[in-house]
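Residue-level listing of the chains:
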Amino acid sequence: MKIQVNEQALILPNSMNLEQLLVHLEKPLIGSAVAVNMQVISRSEWTQYNINEGDNISLFQAIAGG
Amino acid sequence: MLFEEMKQQDQLIIGDKHFHSRLFTGTGKFNDQQTMVAALKASKSELVTMALKRVDMQHKDDDILAPLIKNGMNLLPNTSGARNAKEAVFAAELAREALQTNWVKLEIHPDPKYLLPDPIETLKAAEALANKGFIVLPYVHADPVLCKHLETAGCAAVMPLGAPIGSNKGIKTAEFLEIIIEQANVPVIVDAGLGSPSHAALAMEMGADAVLVNTAIAVAGNPIAMSQAFANAVQAGRQAYLAGLGGQSTEAVASSPLTAFLEASL
């Protein structure tokens, strides 16, 4: 399945939900936020959102700032 | 009421949270994470700001969050990087998911040279975010009229600037901060530009409810010692405000009795 993650093309080996994607990419679950096609997906819905072919996924991370 | 009692009961309330410390701090610009955590702990700050960025797919980022949560700090995500109201609302919604808080420091500064906040977009975003249930703390210029509009829009506090972000220039907006403080029905947090503890003390003496300091602590020779210095200054300034400062006068007002005893003895 071909998707975009932060403007990079990615081929997923199998179907997965958003939480599984973060684990697959070795990104932390805590401090992360996810948008699919520019819609913010609530953390509680990560396991229910199954990624679709062509989804444009944006991953964000909390960092230091003033 | 005794002054000590008054001091003990002096708590800052924003939204649903009570604060003992009136020094809020930022987490940016520290040389390393260990120094950052030690400095924030030494400051006794109970609210610390954070930012959000797109994940770099090539690199692993440091886990900045765990030590802050472990030390019981309340997190205040900002919308830095947003250039308009739409982007700021998007950033706030992301931050709410990332940090599991509906608090947001709303900042929209499209011009990278001076990082001055866009008042029109900030007001638009503040209205939208307050309607969505966010606790909104907007970073704004020291504009008393704008601050009243933001209060009406449902902001939980206002954060007028002393000087441009990271400039360390101190309070260049004093006359207007005084008006904001006089008129506000929500807490006033002086944010940006405070470069030394004396600047923070001055803001507190003027009656500000809190200050937010990042750069001046993070880039100090010894950030841990500097954060303590800021904490002391904020406490001193607040105590001076509560104690009631004496009035100013152009002419001298003698502190010793001007009796003519020298002449009398001649």
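Everything discussed here concerns the structure shown above.
Residues numbered from 1 in each chain as written. Chains lettered and ligands numbered in written order. Predicted model: local features only at pLDDT ≥ 70, side-chain atom pairs only at ≥ 80, totals over all residues.

The next thing to look at is the overall build of chain A. Within chain A, the regular secondary structure consists of one helix and five strands. Starting at the N terminus, the α and β elements of chain A follow one another as β-β-α-β-β-β. For 66 residues, the compact-globule estimate of 2.2 N^0.38 gives 11 Å, and chain A sits close to it at 12 Å. Residue burial in chain A is summarised as follows: out of 66 residues, 26% are buried. (Helix = DSSP H or I, 4+ residues; strand = E, 2+ residues; numbered from the N terminus. Rg over C-alpha atoms; globule rule 2.2 N^0.38 Å. Buried ≥ 20, exposed ≤ 12 C-beta atoms within 10 Å, placed from the backbone.)

Once that is clear, we can look at the overall build of chain B. Each helix and strand counted, chain B has 11 helices and 10 strands in total. Overall, the C-alpha framework of chain B stretches about 90 × 40 × 40 Å when taken along its three principal axes. Scored against the burial criterion, the 266 residues of chain B give a buried share of 46%. By sequence separation, contacts in chain B at least 24 residues apart represent 62% of the contacts at least 6 residues apart. (Contact = placed C-beta atoms within 7 Å.)

A separate point is the interface of chain A and chain B. The partner chain B presents 29 residues to the 22 residues of chain A that form the contact. The element that contributes the greatest number of residues to the side of chain A that touches chain B is strand 5 (residues 56-64) of chain A, accounting for seven residues. Looking at side-chain class alone, the side of chain A that touches chain B contains 11 nonpolar, nine polar and two charged residues. Across five bridges, the pairing between strand 5 of chain A and strand 4 (residues 47-54) of chain B is antiparallel. Considered in strand 4 of chain B, the bridge of A:F60 is made with B:R54. (Nonpolar A, V, L, I, M, F, W, Y, C, P; charged D, E, K, R; others polar. Pairing = 2+ DSSP bridges.)

Residue and element names in this part refer to chain B. The strand order across the open sheet formed by three strands is 6-7-8, and the pairing between neighbours is parallel. With partners counted over all chains shown, the strands left at the sheet margins are strand 6 (103-106) and strand 8 (159-160), one partner each. Two strands pair when backbone bridges link them, and strand 7 (residues 135-140) and strand 8 are joined in this way by two bridges, in the parallel orientation. Within the sheet, the bridge partner assigned to V140 lies in strand 8 and is P160. Across the sheet, helix 5 (residues 119-131) is in contact with strand 6 and strand 7; its angle to strand 7 comes to roughly 175°. (Axes fitted to C-alpha atoms, helices over the stretch in contact; angles between N-to-C directions.)

A few words on helix 4 (residues 85-99) of chain B. Residues and elements named next belong to chain B. Between its first and last C-alpha atoms helix 4 spans 21 Å; for 15 residues at 1.5 Å apiece the expected length is 21 Å, and the two agree. In terms of residue burial, helix 4 counts as a mostly covered element, since 12 of its 15 residues are buried. Looking at helix 4, one finds that the buried residues are A85, A88, V89, A91, A92, E93, L94, A95, R96, E97, A98 and L99. With its phi angle positive at about 55°, Q100 sits one or two positions after the end of helix 4. (Expected span 1.5 Å × (residues − 1).)

What follows concerns the packing of helix 6 (residues 144-152) of chain B against helix 7 (residues 174-183) of chain B. Residues and elements named next belong to chain B. Two elements in contact, helix 6 and helix 7, have axes separated by 9 Å at closest approach and are oriented at 30°. What the angle tells us is that helix 6 and helix 7 run roughly parallel. With respect to the hand of their crossing, helix 6 and helix 7 are arranged in right-handed fashion. Packed against helix 6, whose contacting residues are P144, C147 and K148, the element helix 7 presents F176, I179, I180 and Q183 at the interface. A breakdown of the residues in the contact of helix 6 with helix 7 according to their chemical character gives five nonpolar, one polar and one charged. (Parallel < 35°, antiparallel > 145°, perpendicular 65-115°, else oblique. Left-handed = near helix turned anticlockwise from the far one by under 90°.)

Now for the pairing of strand 5 of chain A. Residues and elements named next belong to chain A. For strand 5, the tally of buried residues reaches seven of nine residues, placing the bulk of the element in the interior. Pairing of strand 1 (residues 2-5) with strand 5, which is carried by two bridges, proceeds in the parallel orientation. Within strand 5, the residue paired with V5 across the bridge is I57. The sheet contact formed by strand 3 (residues 32-36) and strand 5 spans five bridges and is antiparallel. Across the sheet, the residue bridging to A35 is S58, located in strand 5.

Next up on the list: the environment of A:A62. Residue position: A:A62 is located in strand 5. By the C-beta count within 10 Å, which is 26 here, A:A62 ends up buried. Taking the C-alpha atoms as reference points, A:A62 and A:Q4, separated by 58 residues in sequence, lie 21 Å from one another. The contact partners of A:A62, leaving out residues within four places of it in the chain, are A:G31, B:M50, B:L52, B:I64, B:L65, B:P77, B:A98 and B:L99.

Now for unusual backbone geometry. Phi at A:N6 takes a positive value of approximately 45°, unusual for a residue other than glycine. Checked against the element boundaries, A:N6 lands in the loop between strand 1 and strand 2 (8-11). Owing to 15 C-beta atoms within 10 Å, A:N6 belongs among the partly exposed residues under this scheme. Even without being glycine, B:N168 reaches a positive phi, approximately 60°. With respect to the helices and strands, B:N168 occurs in the loop between strand 8 and helix 7. Using a count of 15 C-beta atoms within 10 Å as the deciding quantity, one classes B:N168 as partly exposed.

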